[in-house]
Amino acid sequence: MKFAGPLNTLAYKPDLCTGCEMCTIVCPHGVFGMNGRKAEIVRYEACMECGACQKNCPFGAIAVDSGVGCAFALMKAALTGKKESCS
Amino acid sequence: MKRRVEPGLYALGSPTADSAVFVSANYTLSFDALRQALAGREAWIVVLDTAAINVWCAAGEGTFGTDELVRRIEETGLKQFVGHRTLILPQLGAPGVCAHEVQRRSGFKVEYGPVRAADLPEYLKLRRASSEMRQVRFGLRERLALTPVEVVGASFFLAPIGVIAYFAGGWLSVFTAIAAVLAGTLAFPILLPWLPAKTFSVKGFFLGGVVILPFLLAIFLRRPGAWTFKMESALVHILIFVPVTAFLALGFTGSTTFTSRSAVKREIYRYFPIMAWMFGGGVILAIVMILVALFGSRT
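Engineer: Can you walk me through the environment of B:Arg137 in this structure?
Structural biologist: All names here are of chain B. For Arg137, the location among the structural elements is in the loop between helix H6 (120–126) and helix H7 (140–191). Here the alpha-carbon distance between Arg137 and Leu87, two residues 50 residues apart in the chain, equals 25 Å. If sequence neighbours within four positions are ignored, Arg137 has contacts with Arg116, Glu132, Glu142 and Thr257.

This is the structure we're talking about:
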């Protein structure tokens, strides 16, 4: 039984970026940085998929399959068929 | 312990129409951290109903979110109290709040302050957060603060396991169980960065393996019986208790500030079956050993 997934689900389309810097502000792990007038991913591996960047990018340049990085919540969700939650 | 703050609009000092507006969760520790950071200032605080959950977790659940914020702005009549249209939110509210949607729906511009309320005075000087203020920390202090919750949370499971362990293997097994649980809940959070391997599960297997060593030694030195019996007994303890530590270690992913769902999913698929097989195998072997001891031929 193997799960061959990507390191994380963060995807960024620089074409859509207008350089508002919002992603660099909301990310709690400094994943985004500015390169001139556009944002760029500088610490891809540090992404914890919290979804703050996607939610706050006004131009839809960022997509991430956000969710809780908690083993117990994921297993509980798998067992009960409900949405994963911390409570 | 009362942890809930009544949602609504609060005045800190004697705020005017020009005073800044901060947004917080209705969890006392979140609200108090904000109030302490703003001590001596005049400010408005909008407290959202997050079901007494802290800002970050509530943002992840969506209760510290766009809808609740827009609704609370309306309900409190905030526009009548302030002349400006800016809100300062904790940065960790961002996973639940869509800043541009809040502006479109309520007219208020969302400004994300620092991660930690304690950095607010510094932030307010320039209305800018340094990159250090924008990042969550997970140092020894933060990890230590979590250990009581981890230990208490696991002790509910420990009680029945301890009783079974006592009847199956005596005090030595009970102590092994306690050690395995404390390893996963107390030692693991503290030692996290220094344990070998990358994944929580492997780190947990390693720690569990180390912690069980003195108990294995005790089995060989203190327990009566044949050499083969001691070997089997040791094997049972390894199979049952090492995965307990590893499982608790895997569970600690939910308490950290950096694990992603993708990474945790990968870990569960890869290592949970190993834990389950070890534990299950250990329990079956223990039952067989007990049955043999009770009914087996004594030739």
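Engineer: Sorry, what's going on with the sheet that holds strand E4 (residues 86–89) of chain B here?
Structural biologist: Strand pairing in a sheet relies on backbone hydrogen bonds. The paired strands run either parallel or antiparallel. All names here are of chain B. With mixed pairing, 5 strands are arranged side by side in an open sheet as E1-E3-E2-E4-E5. Every other strand in the sheet has two partners, leaving strand E1 (8–12) and strand E5 (109–112) as the edge strands with one partner each. Direction aside, neighbouring strands of the sheet carry axes that sit 30° apart on average. In terms of strand pairing, strand E2 (residues 20–25) meets strand E3 (residues 43–48) through 6 bridges, oriented parallel. Residue Ala25 lies in a different strand from E3, and its bridge partner there is Leu48. Together, E1, E2 and E3 form the strand contacts of helix H1 (residues 28–37), whose direction differs from that of E2 by roughly 155°.

Engineer: I tried to follow the environment of B:Leu221 on my own but got confused; where do I start?
Structural biologist: Tracing the chain through its elements places B:Leu221 in helix H8 (residues 200–222). When the C-alpha atoms of B:Leu221 and B:Gly93 are compared, they prove to be 56 Å apart, with 128 residues separating the residues in sequence.

Engineer: I would appreciate a short explanation of the interface of chain B and chain A in the present structure.
Structural biologist: Note on interface size: it is often stated as the accessible area lost on association of the parts. Contact with chain B, which involves 36 residues of that partner, is made by 40 residues of chain A. The tally of links from chain B across to chain A stands at 2 salt bridges. Its salt-bridge partner being A:Glu84, residue B:Arg261 comes within 2.8 Å of it at the nearest N-O pair. At the boundary of chain B and chain A, one finds 15 residue pairs in polar contact (both at pLDDT 80 or more). Residue assignment for the side of chain B that touches chain A shows that the elements contributing at least two residues are helix H2 (55–61), helix H5 (99–106), helix H9 (227–251) and helix H10 (261–295) of chain B. Considering only residue class, the side of chain B that touches chain A consists of 18 nonpolar, 12 polar and 6 charged.

Engineer: Looking at this model, I keep getting lost on the pattern of salt bridges. Mind explaining?
Structural biologist: Side chains carrying opposite charge are able to pair once their charged atoms draw close together. All names here are of chain B. The tally for this structure, following the rule as stated, stands at 14 salt bridges over all chains. Between Glu68 and Arg72 there is a salt bridge, with the nearest N and O atoms lying 2.9 Å from each other. You can see Glu68 and its partner Arg72 sitting in helix H3 (residues 66–76), 4 residues apart, about one turn around the helix. For the pair Glu68 and Arg72, one class covers both residues: buried.

Engineer: Whenever I open this one, unusual backbone geometry confuses me. Can you help?
Structural biologist: Generally, phi is negative for residues other than glycine and the peptide bonds are trans, each holding for most cases. The backbone of A:Glu49 shows a phi angle near 60°, a positive value even though the residue is not glycine. In this structure, A:Glu49 sits in the loop between strand E3 (38–41) and helix H2 (52–56). The class for A:Glu49 is buried, based on a relative accessible area of 0%. The phi dihedral of B:Arg127 falls on the positive side, at around 55°, and the residue is not glycine. Considering the arrangement of structural elements, one finds B:Arg127 in the loop between H6 and H7. In this structure B:Arg127 comes out as partly exposed when scored by relative accessible area, which is 37%.

Engineer: Even after reading the chapter, I still don't get the side chain of B:Glu267, so can you show me in this structure?
Structural biologist: All names here are of chain B. Secondary-structure assignment places Glu267 in helix H10. No salt bridge forms around the buried Glu267; measuring N to O, its nearest opposite-charge neighbour Arg266 is 8.0 Å away. In this view, Glu267 contacts Thr199, Phe200, Ser201, Leu250 and Phe272; residues no more than four positions away in its chain are not counted.

Engineer: For this particular structure, what's the right way to read the packing of H3(B) against H5(B)?
Structural biologist: The description of two packed helices rests on the angle between their axes and on the distance between the axes. All names here are of chain B. Put simply, H3 and H5 touch, their axes get as near as 10 Å, and they point 30° apart. When the axes of H3 and H5 are compared, the pair comes out roughly parallel. Between H3 and H5 lies a crossing of right-handed hand. Counted together, Thr66, Asp67, Leu69, Val70 and Ile73 of H3 and Glu101, Val102, Arg105 and Ser106 of H5 form the full contact between these two elements.

The rules behind these values
- Every chain's residues receive numbers from 1 upward, in the order its sequence appears when written.
- Chains and ligands are labelled sequentially in the order written, the chains with letters from A and the ligands with numbers from 1.
- Only residues with pLDDT of 70 or above have their local features reported here, since the model is predicted, and side-chain atom pairs are shown and tallied only from 80 upward, although totals for entire chains, interfaces and linings are computed over all residues.
- Only hydrogens and water are removed before side-chain values are computed, so all heavy atoms of the structure are retained for them.
- Each helix is a run of H or I in the DSSP string that is no shorter than four residues. Each strand is a run of E no shorter than two, and both are numbered from the N terminus.
- Contact definition: two residues touch when any of their heavy atoms are within 4.5 Å.
- A pair of strands counts as paired when DSSP detects no fewer than two bridges linking them.
- Interaxial angle, 0 to 180 degrees, is taken between N-to-C directions of lines fitted to C-alpha atoms, where a helix line uses only the stretch in contact.
- For salt bridges, the criterion is a side-chain nitrogen of Lys or Arg within 4 Å of an Asp or Glu carboxyl oxygen.
- By the criterion applied in these results, polar contacts are pairs of N or O atoms within 3.5 Å in which, for protein atoms, one can donate a hydrogen and the other can accept it, and in which residues neighboring in sequence qualify only through two side-chain atoms.
- Any residue that is not Ala, Val, Leu, Ile, Met, Phe, Trp, Tyr, Cys, Pro, Asp, Glu, Lys or Arg is counted as polar, Gly included; the first ten are nonpolar and the last four charged.
- Type-normalised accessible area, obtained with a 1.4 Å probe on protein chains alone, sets the label of each residue: buried when under 20%, exposed when over 50%, and partly exposed for intermediate values.
- His residues and chain termini do not enter the charge count, which takes Lys and Arg as positive and Asp and Glu as negative.
- Our angle categories are set so that under 35 degrees counts as roughly parallel, over 145 as roughly antiparallel, 65 to 115 as roughly perpendicular, and the remainder as oblique.
- Helix crossings get a hand from a simple test, with the near helix turned counterclockwise from the far one by less than a right angle marking a left-handed crossing and a clockwise turn marking a right-handed one.

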